[in-house]
Amino acid sequence: MAAIFTCCLGCCGDGGSGHIPLKEMPTVQLDTHHMGTDVVIVKSGRRICGTGGCLANAPLHQNKSYFEFKIQSTGVWGIGVATQKVNLNQVPLGRDTNSLVLRHDGSVYHNNEEKNRLPANNLPQEGDIVGVTYDHVEMNLYLNGKNMHCPASGIRGTVYPVVYVDDSAILDCHFSDFYHTAPQGFEKILFEQQIF
């Protein structure tokens, strides 16, 4: 029996440690390959400033995703979901079928149509945290952890988190280590894993 145990430990080819190195999963962050030409991404892919939009580097494959944005400096901004076909140089987003976004004025736009609106007394201000849930049909919004009951839908296809800024706005993106607990059933964005 001891010989079998020793053989199992010694046959792993790495000096007998028995550990197979796993590839580290990439971090979800803003994608510098999918951003507007006048966008600046800093803080390890977590802060956006300048003018234009940027997609995150991970699509929303799982059933229920949650992510957050902190408004560091007000101005013109928008957050939501978009396909890779969206024009990230044309702000505000929400003008076509490729984006569904909450705009800084509290309106939610998709295909140049207002789909919903935050209550007038709940417009995000500097320092606020805006949470976004998406379940492949509906996007919902949270302000400082409170559900705004402001659903919107209509976008189709593979979508990514999207954020845009203009007029001195600065936003920080949080795709994990959230300020507020994700709503029940929702979780951080997961990269699709390839088994083979």
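See the structure printed just above.
Here is what the cut-offs are and how they apply
Residues numbered from 1 in each chain as written. Predicted model: local features only at pLDDT ≥ 70, side-chain atom pairs only at ≥ 80, totals over all residues. Heavy atoms only, no water. Salt bridge = Lys/Arg side-chain N within 4 Å of Asp/Glu carboxyl O. Helix = DSSP H or I, 4+ residues; strand = E, 2+ residues; numbered from the N terminus. Buried < 20%, exposed > 50% of the residue type's maximum accessible area, 1.4 Å probe, protein only. Pairing = 2+ DSSP bridges. Core = buried A, V, L, I, M, F, W, Y, C linked by side-chain atoms within 4.5 Å. Contact = heavy atoms within 4.5 Å. Phe/Tyr/Trp six-rings, centres within 6.5 Å; stacked < 30°, edge-to-face > 60°. Lys NZ or Arg CZ within 6 Å of the ring centre and 35° of its normal. Disulfide = S-S within 2.5 Å.

Visitor: Can you help me understand the pattern of salt bridges in this one?
Guide: Note on pairing: side chains with opposite charge can pair once their charged atoms come close. Inspection of every chain in the model, using the stated rule, returns 3 salt bridges. Here Arg47 makes a salt bridge to Asp172, at a shortest N to O gap of 2.6 Å. Linking Arg47 in strand β3 (residues 47-56) with Asp172 in strand β14 (residues 170-174), this pair joins segments that are 125 residues apart in sequence. Here the two residues Arg47 and Asp172 agree in accessibility, since each one is buried.

Visitor: Please explain the pairing of strand β10 (residues 138-143) as it appears in this structure.
Guide: Put simply, side chains in a regular strand alternate between the two faces of the sheet. Along β10, 5 of the 6 residues are buried, which leaves the element largely enclosed by surrounding structure. Judged from the 2 bridges that link them, β10 and strand β12 (residues 152-153) form a sheet pairing that is antiparallel. For Glu138, the partnering residue across the bridge sits in β12 and is Ser153. Pairing geometry for β10 and strand β11 (residues 146-147), over 2 bridges, is antiparallel. Bridge pairing in β11 links Tyr142 to Asn147. The hairpin turn running from β10 into β11, its antiparallel successor, is 2 residues long, and Asn144 in that turn takes a positive phi close to 55 degrees.

Visitor: Can you walk me through unusual backbone geometry in this structure?
Guide: The phi angle of most residues is negative, glycine excepted, and most peptide bonds adopt the trans form. With omega at 5 degrees, the peptide bond leading from Val91 into Pro92 counts as cis. Inspection of the secondary structure assignment puts Pro92 in the loop between β5 (76-82) and β6 (99-103). Phi is positive for His136, which is not a glycine, with a value near 75 degrees. Here His136 is to be found in the loop between β9 (129-134) and β10. Assessed through its relative accessible area of 35%, His136 is described here as partly exposed. Even without being glycine, Asp167 reaches a positive phi, approximately 55 degrees. By the secondary structure assignment, Asp167 is in the loop between β13 (160-166) and β14.

Visitor: Just to check I follow, could you spell out the nonpolar core for this structure?
Guide: Where a protein is soluble and globular, its nonpolar side chains tend to be buried together. Formed by 37 residues in total, the largest nonpolar core has its most connected members in Ile48, Trp77, Ile79, Val81 and Leu171. The residues contacting Leu171, other than those within four sequence positions of it, are Arg46, Arg47, Ile48, Phe69, Lys70, Ile71, Gln72, Trp77, Ile79, Val163 and Val165. In terms of nonpolar packing, the next biggest core, distinct from the first, is built from 10 residues, Leu55, Ala82, Val162 and Tyr164 among them.

Visitor: Sorry, what's going on with the packing of aromatic side chains here?
Guide: Two aromatic rings are characterised by how far apart their centres lie and by the angle between their planes. Considering all chains together, one arrives at 5 aromatic pairs under this definition. Where Tyr66 meets Phe178, the ring centres are 4.8 Å apart and the plane angle is 75 degrees; that geometry is what we call edge-to-face. Of this pair, Tyr66 sits in strand β4 (residues 65-73) while Phe178 sits in the segment after β14; the two residues are 112 residues apart in sequence, bridging distant segments of the chain. The ring of Phe186 has Lys64 sitting right over it, with the charged end atom 5.4 Å from the ring centre.

Visitor: Got a minute to help me understand the state of the cysteines in this structure?
Guide: Here a disulfide denotes a covalent bond joining the sulfur atom of one cysteine to the sulfur atom of another. With the rule as written, the count across this model stands at 0 disulfides. Summary of cysteine pairing: Cys173 is not part of a disulfide, and the nearest cysteine sulfur, belonging to Cys54, is at 7.6 Å. Look at Cys173 and you get buried, because its relative accessible area is 0%.

Visitor: Mind showing me how you'd approach the environment of Asp166 here?
Guide: Tracing the sequence through the fold places Asp166 in strand β13. With relative accessibility at 25%, the residue Asp166 sits in the partly exposed group. Taking the C-alpha atoms as reference points, Asp166 and Thr74, 92 residues apart in sequence, are found 9.3 Å from one another. In contact with Asp166, not counting residues within four places along its chain, are Gly50, Thr51, Gly75, Val76 and Val91.

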